[in-house]
Amino acid sequence: DKVQQVDLKHLGSYEEVLAAFRRYDRDFNGLLNYGELHALMTDLNTTAGCKWTEAQSERLYQKLDRNRNGSVDINEFIDFVFQASPEAGTIGDKGKSDYELVLQDFRKYDVNKNGTLDKEEFTRLMATLNKSGGWDSKRTNAVFKQVDIDNSGEVDLNELIAFLFGVPRSRGQNTGNSQDAALVTVEFLVGPGGPENMTKQIAGVWQSKFGHAVLVKKRVDRNLKGIVKVSARDGAVVFWDDAKMVAYRENPFLSLGTMRAWVDDMTNRHLPKLLESMRAAGNANAADDARRSSRHHHQSGPRRLLRASWNDSVGFRQVLGACRL
């Protein structure tokens, strides 16, 4: 098979995109010129075994430089990379899952594009997510130390996902089953026949990439057609929901090409992010157990809420509603 050229979305997660921008901003002026962008794309494609031409860099540069000032700033770069991805949708926020909205708003409120949120940025983000209103600096102060797992003074995306989406109930106890080795379980609801085979192919790609850390579970409904829903964290994190999303974006499973693009996006961005947030949540629970054991005191207040969210995967809207002073 002919090796396909790779585009900017193959840089991976938000943090990896930021790191690539800074790495190729070789004069440290906060901008990418044509030569820097061409070097990035050439290296990206050479690593994948492809060739990249100057003409292609010129066309891409024109797309990125939206304000036509002759350079590409970090916001133009980030906006292009993520708008060009399947998670972006086509009509505002309609048809986006809670998980996608959290990723989108994290990028929005990371104003200085350092990959983390300080208290002020975190407060603005949570106020946006909490549609019922009432999130303020007092509520941030009540939970920030528990969300900031590594005590850095800022919250990264892994920590935020761990806080809002939690650890599935299915991982609450170790049953001795080999499936317990999976850190992330992705559930597919599919119709019979072709969709089953497509799901099997996807599972093979992820097993090759992630080993036993990612498990695919398939539920077949004879009354359905196609791949109807893809989710993780006991349904709290939704990657595709045909009923809610198909009116606003292209169904990624209608052709082999769009399916490959979706699988690439999941492989390079979302699954690594969930794996890291799962590890972050596990580290936080272990640290919390150690604190409680050493202090011999009853857990209460915000920390009790966070632990409930990590262990029970109650969903981020429930966490927001419960997280009150």
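Above this text you will find the structure in question.
Residues numbered from 1 in each chain as written. Predicted model: local features only at pLDDT ≥ 70, side-chain atom pairs only at ≥ 80, totals over all residues. Heavy atoms only, no water.

Undergrad: Explain the packing of helix α6 (residues 119-129) against helix α8 (residues 157-165) here, please?
TA: In a packed pair of helices, the relevant descriptors are the angle between the two axes and the axis-to-axis distance. Their axes nearest at 14 Å, the elements α6 and α8 cross at an angle of 35°. For the element pair α6 and α8, the recorded crossing hand is right-handed. On α8, the residues that touch Phe122, Leu125, Met126 and Leu129 of α6 are Leu160, Phe163 and Leu164. (Axes fitted to C-alpha atoms, helices over the stretch in contact; angles between N-to-C directions. Helix = DSSP H or I, 4+ residues; strand = E, 2+ residues; numbered from the N terminus. Left-handed = near helix turned anticlockwise from the far one by under 90°. Contact = heavy atoms within 4.5 Å.)

Undergrad: Whenever I open this one, the packing of aromatic side chains confuses me. Can you help?
TA: For any pair of aromatic rings, the description rests on two quantities: the centre-to-centre distance and the angle between the ring planes. Tallied over the full model, the rule gives 13 aromatic pairs. Ring centres 5.6 Å apart and planes at 80° place the aromatic pair Tyr99 and Phe239 in the edge-to-face group. With Tyr99 in helix α5 (residues 98-109) and Phe239 in strand β8 (residues 237-241), this residue pair connects regions lying 140 residues apart in the sequence. When the ring of Trp240 is compared with that of Phe253, the centres are 6.5 Å apart and the planes differ by 80°; the resulting orientation is edge-to-face. (Phe/Tyr/Trp six-rings, centres within 6.5 Å; stacked < 30°, edge-to-face > 60°.)

Undergrad: Any chance you could explain the nonpolar core here in plain terms?
TA: One recurring pattern in soluble globular proteins: nonpolar side chains tend to sit buried together. One finds Phe77, Phe122, Leu160, Trp206 and Trp262 to be the most contacted residues of the largest nonpolar core, which totals 74 residues. If one sorts the elements of this core by residue count, helix α11 (residues 256-295) sits on top with seven residues. Ignoring any residue separated from it by four or fewer positions in sequence, one finds Phe122 in contact with Leu117, Trp135, Thr140, Val143, Phe144, Val147, Val155, Leu160 and Phe163. (Core = buried A, V, L, I, M, F, W, Y, C linked by side-chain atoms within 4.5 Å. Buried < 20%, exposed > 50% of the residue type's maximum accessible area, 1.4 Å probe, protein only.)

Undergrad: Before we go on, may I ask you to explain the packing of α5 against α8 in this structure?
TA: Here α5 crosses α8 at 145°, and the two axes come no closer than 11 Å. Handedness of the crossing formed by α5 with α8: right-handed. Counted together, Asp98, Tyr99, Val102, Leu103 and Phe106 of α5 and Leu157, Leu160, Ile161, Leu164 and Phe165 of α8 form the full contact between these two elements. For the contact of α5 with α8, the residue count by class is nine nonpolar, no polar and one charged. (Nonpolar A, V, L, I, M, F, W, Y, C, P; charged D, E, K, R; others polar.)

Undergrad: Looking at this structure, how should I read unusual backbone geometry?
TA: Across residues other than glycine, the phi torsion is negative in most instances, and most of the peptide bonds are trans. Positive phi, close to 55°, is recorded for Asn151, a residue that is not glycine. By secondary structure assignment, the location of Asn151 is in the loop between α7 (137-147) and β4 (155-156). Note on Asn151: relative accessible area 64%, which makes it exposed. With phi around 55°, Arg233 is a residue other than glycine that occupies positive phi space. Residue class for Arg233 comes out buried when judged on its relative accessible area of 4%.

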